[in-house]
Amino acid sequence: MGPHPAVAAIRLAVRRVLNDILAEHGASGRPAPAPAPASSAASSSSSSSSSSSAPAASSASAPPASDAPLVLVACSGGADSMALASALVFEAPRLGVRAGGITVDHGLQDGSDRRAAEVVLRMRELGLDPAESVAVRVGRDGGPEAAARDARYAALDAAAERHGATAVLLGHTRDDQAETVLLGLARGSGIRSLSGMAAVSGADGRYRRPFLQLDRQTARRACMVQSLPVWDDPHNADPAYTRSRLRHEGLPALEKALGKGVVEALARTAQLSRDDADALDAWASRAEDGVRDPEGRLECAGLHALPPAVRRRVLRRAAIEAGAPAGSLFARHIEEVDRLITGWRGQGAINLPGRVVATRQGGRLVIRQG
């Protein structure tokens, strides 16, 4: 008898990502030798336990070599990340990969350090090595959710560098993707925001999200049947946070009005939007070379001939290259710069974030720090 369907689903998702990582990095994952045949009674016992208890890396294969690629899981102790950790522990040794875990203590709740220590203990009990907690200080830039996210990724980046990890796995599910799409839609930030979270992101593809095609209930069910303890972060139910309100009020209201399947449709929209955004970005990259003069300045006539979606991408790239912070550069900024091309009436310079200034001079668009 094989594992529970939920357990099989999370393991398959992780196996595919680990295979991708090994192929992309040219790593020679060395599968551990298969265990020796067991008696019929022992085999029956092993089969039944595989779907009801937490996996042990040593139960089916020998530990990977010390020089094998290391993959870390970002584990908060919640159902999604605990399910991900359990699947990584099961699959990694079979592919000759080392598995470790990192939990980030944001320090936003009383006793967060004790909670982080408990998560580290659970990771070690699963068989993750290294398994550690990293405390961060959350700032205020961009609001509490954005600030916590920035601090978390900075800590994960540092941990990956410190341990020489090939990749870091994140437990975002299809439900998280749907929420991200709706948040992007509410901001009116364009097609890139609608594309949600990428399955692969970060420097050199460091971050991987194996569960973007799985719903949240699958991860929770996998934890339940494996008897994995799960911690539910009270912030996830706090209406003070936008994502929490969307999760507990917004999405249920949409499903009530539109019927089931909203989450799946939003996740599908994310993938379609990402494909379109990637194609437009590639087009803009090629087009930019054709609209610069020998001095590297942008030619207004050439920009005017481009489709708006491509032209605005060229303008955004130029502004960022000049020093405008990407996170502070909004659609309204690019629209104002675009009017120097499409609605030229002799208007003055456009001030952008980062003390960047855009001006039109003799048929050329000059974007530089003023």
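Residues numbered from 1 in each chain as written. Predicted model: local features only at pLDDT ≥ 70, side-chain atom pairs only at ≥ 80, totals over all residues. Heavy atoms only, no water.

A. Expanded view of the pairing of strand 2 (residues 98-105). Of all eight residues that make up strand 2, seven are buried, and the element is covered over most of its length. With five bridges connecting them, strand 1 (residues 70-74) and strand 2 associate as parallel partners. Looking at strand 2, one finds that Val-71 is bridged to Ala-99. Taking the sense of rotation as the criterion, the β-α-β connection linking strand 1, helix 3 (residues 79-91) and strand 2 turns out right-handed. Inspection of the sheet shows strand 2 paired to strand 3 (residues 131-135) by five bridges, in the parallel sense. By the bridge assignment for strand 3, Ile-102 is matched with Glu-132. (Buried < 20%, exposed > 50% of the residue type's maximum accessible area, 1.4 Å probe, protein only. Helix = DSSP H or I, 4+ residues; strand = E, 2+ residues; numbered from the N terminus. Pairing = 2+ DSSP bridges. Right-handed = clockwise from strand over helix to strand, strands pointing away.)

B. Main features of unusual backbone geometry. That bond from Asp-129 to Pro-130 is cis: its omega, 10 degrees, falls within 30 degrees of zero. Here Pro-130 lies in the loop between helix 4 (112-126) and strand 3. For Asp-204, which is not glycine, the phi dihedral falls at a positive 60 degrees. With respect to the helices and strands, Asp-204 occurs in the loop between strand 5 (200-201) and strand 6 (207-208). One non-glycine residue, Arg-355, lies in positive phi territory at about 60 degrees. When you line up the elements, Arg-355 lands in the loop between strand 8 (350-352) and strand 9 (356-361). Arg-355 gets classed as exposed once you look at its relative accessible area, which sits at 57%.

C. Expanded view of the sheet that holds strand 9. If you trace the four strands from one edge of the open sheet to the other, you get 7-10-9-8, paired in antiparallel fashion. Edge positions in the open sheet fall to strand 7 (298-299) and strand 8, since each of these has one partner strand only. Both strand 8 and strand 9 contribute to a ladder of three bridges, which runs antiparallel. Paired with Ile-350 across the two strands is Ala-358, which belongs to strand 9.

D. Broad picture of the nonpolar core. Core analysis: the biggest nonpolar cluster contains 39 residues, and Val-14, Leu-18, Leu-88, Leu-128, Leu-169 and Phe-211 have the highest contact counts within it. Put simply, the parts of the chain that give this core at least two residues each are helix 1 (5-24), strand 1, helix 3, helix 4, strand 4 (167-169) and helix 8 (216-225). At nine residues, the largest contribution of residues to this core is made by helix 1. What Leu-169 contacts, discounting residues up to four positions off in sequence, is Val-14, Val-17, Ile-21, Val-71, Leu-72, Val-73, Ala-74, Leu-84, Leu-88, Arg-208 and Pro-210. If you look at the next biggest cluster of nonpolar residues, it comprises 26 residues, including Ala-324, Leu-340, Ile-341 and Leu-352. (Core = buried A, V, L, I, M, F, W, Y, C linked by side-chain atoms within 4.5 Å. Contact = heavy atoms within 4.5 Å.)

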